[in-house]
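# Architecture at a glance
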Amino acid sequence: MAELSAGSLPLGEPAFSYQQEQELSERLKRLYPAVNEEETPLPRSWSPKDKYSYIGLSQNNLRVHYKGHGKNHKDAASVRATHPIPAACGIYYFEVKIVSKGRDGYMGIGLSAQGVNMNRLPGWDKHSYGYHGDDGHSFCSSGTGQPYGPTFTTGDVIGCCVNLINNTCFYTKNGISLGVAFTDLPPNLYPTVGLQTPGEIVDANFGQQPFVFDIEDYMSEWRAKIHGMIASFPIDERLGEWQAVLQNMVSSYLVHHGYCATATAFARATETTIQEDQTSIKNRQRIQKLVLAGRVGEAVEATQQLYPGLLERNPNLLFMLKCRQFVEMVNGTDSEVRCLTVRSPKSQDSYPGSPNLSPRHAVSSTHIHSGGADSPTCSNGVAPPNKAKIHGSSIKYPSASSSNSSSTSSSPSSINYSESNSSDSTKSQPHSANSTQETSDSEMEIEAEHYTNGVVEGPSTRIMNGTYRHEEILQPDDNSICNGVTGAQKHSDDSRISSKQLCGGNQAATERMIQFGRELQALSEQLCRDYGTNTTHKKMLQDAFSLLAYSDPWNCPVGQQLDPTQRESLCSALNSAILESQNLPKQPPLMLALGQATECVQLMARVRSGSCSFARIDNFLH
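None of the values given here were measured: they were computed from a predicted structure.

## Points about the pairing of strand β5 (residues 91–101)
For a regular strand, side-chain orientation follows a simple rule: the groups alternate between the two sheet faces. In the sheet, β5 pairs with strand β10 (residues 157–163) via 7 bridges, with the strands oriented antiparallel. Looking across to β10, one finds that Phe-94 is bridged to Cys-160. Bridge count for β5 against strand β14 (residues 200–205) is 6 bridges, and the pairing is antiparallel. Paired with Glu-95 across the bridge in β14 is Asn-205.

And the structure:
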């Protein structure tokens, strides 16, 4: 019978469906989370190239049948899996079902190294290990077997487990462990099966189906052992020294991410020092809030005013922000289009930058709400009581020294973006629709917010026209009345705004988005002239513009860009750039330590320290 070409399937044989491949990948990822298959692929089938000629493969190279003469041991034939067992598995397991024992049942199941003769049953040669069905013996690099377990025949399921922590191997029969068969195993062994007489047929299961033996329970036992070893590591002698280092790391982490109140409380409790000024922390915090809320245009303005020259010195970051702003325009969350989707009919024929738009529209609009970020009436990020310069100017972000400025000023420069220090935050101040109430640190904590579809929800983030209305941050009632608009009216408007339409379904907003796209294209061309072609920029721009090619951008091949979680990496990059510009670490030491520890554990797992596969850093962070 002629051999099939490598990797080919008999006519009419069904290939794995996409769903089956997905189930296999998910099961393997669950069993072997430390394995990076791009570097060290897991065995998934038998190799059509690494077998003796008397071996035939079928059913996606998972079924093995014997097609030789079967007269004596010289007619034995074996096949290896496509890949060796990765060291990062920690514990590896596969099963073989005996479909037919054939004439004599001379079958061997086990392991072998690359290069071992395939004209032999596993276990007969050096670096080869096997459990044989005709006599139940185990063969360890020798033609002489040792009594090990029961014989096996048609219908039995034999499992082979390799423990890379202690370099042992045991077998199972029909889900029952038979005990350790081999010790001191070498690395880089391949699953192997061998047959010798006509009619012998076996099927392999490398994770395509649930295993008969509960390998996950066995893995859990070893995982608990490894965690116990880590927990019992002696640190008493240096506890004080380590504790001080860890406290400083935690403090710097809180400061880095803008958790100002938490950082202050932690520093007070542990007697540690905060390295960054509170005003600086809160400025970064506000910029992060804007990015995470999808209001990237305002974040760019705030960054340019608080940290002049930062974005000009980081053209890549500026381009990323502008691309994200375009995406948020499509999403309908950026201020430049969001204000147009909630404006009164009188002003819907213009957009920020149009000479027809007067500040009067923003003041008199009946769509001013108090219910959070999902319902701002905005004039390109400027609060309505102020006389705003619409497209060409910027919001002012004064330092903490201006926190006592008049709350009734009509100039944008009087908008107070700073918070009081903890000593001032407890002072009682009157609430009014036109006043600017300073907030306490705890009310500005980023971790207290929840982001839904890119919009900040909750009483801690009432927003009016793109700016935080501090007098409303302290108001817990979403149904409160502001400028005559009730909670019911707000809900009605929000439902209309949040419907998934391009730019909220507003023509003026769509025109503004297209104009912004032209500006973005011009920026891309300018960067290309100044710094050369950037393939990352090109793809970023192409993906952003591709959203316009679909009637439903949220459900299209590039629709993942609209997912609010996509803002997080950009938020982190901007925050790091700001910190670096202030001569502060762009990454907190705690994250660097965790990253180094994770990489170290993964490296140790790859170089045959099997216990590291069960010492994942994530397991100790909860």
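## Notes on the sheet that holds β10
Taking strand neighbours across the sheet as the criterion, the 7 strands line up as β2-β3-β14-β5-β10-β11-β12 in an open arrangement whose pairing is antiparallel. Only two strands of the sheet have a single partner each, and these edge strands are β2 (55–58) and β12 (176–182). Across the sheet, the mean angle from the axis of one strand to that of its neighbour is 25°, orientation sign disregarded. Strand direction decides the pairing type here: strand β11 (residues 168–173) and β12, joined by 4 bridges, are antiparallel. Counterpart to Thr-172 in the pairing with β12 is Ser-177. Against the sheet, helix α2 (residues 215–231) contacts β5, β10 and β11, and its axis sits at roughly 155° relative to β5.

## Overview of the packing of aromatic side chains
Scanning all chains against the criterion turns up 17 aromatic pairs. On the numbers, 5.8 Å between centres and 25° between planes, the contact of Phe-94 with Phe-206 is stacked. Here Phe-206 lies in the loop between β14 and α2 and Phe-94 lies in strand β5, a separation of 112 residues in the sequence. Take Phe-206: its relative accessible area is 1%, and that puts it in the buried class. Ring centres 5.1 Å apart and planes at 70° place the aromatic pair Phe-170 and Tyr-218 in the edge-to-face group. Here the residue Phe-170 occupies a position in strand β11, and Tyr-218 occupies one in helix α2, the gap between them amounting to 48 residues. Linked through ring pairs, Tyr-129, Tyr-131, Tyr-148, Phe-152, Tyr-171 and Phe-182 together constitute an aromatic cluster. Against the face of Trp-222 rests Lys-225, its NZ or CZ located 4.2 Å from the ring centre.

About the criteria used
- Residues numbered from 1 in each chain as written.
- Predicted model: local features only at pLDDT ≥ 70, side-chain atom pairs only at ≥ 80, totals over all residues.
- Heavy atoms only, no water.
- Pairing = 2+ DSSP bridges.
- Helix = DSSP H or I, 4+ residues; strand = E, 2+ residues; numbered from the N terminus.
- Axes fitted to C-alpha atoms, helices over the stretch in contact; angles between N-to-C directions.
- Contact = heavy atoms within 4.5 Å.
- Phe/Tyr/Trp six-rings, centres within 6.5 Å; stacked < 30°, edge-to-face > 60°.
- Buried < 20%, exposed > 50% of the residue type's maximum accessible area, 1.4 Å probe, protein only.
- Lys NZ or Arg CZ within 6 Å of the ring centre and 35° of its normal.

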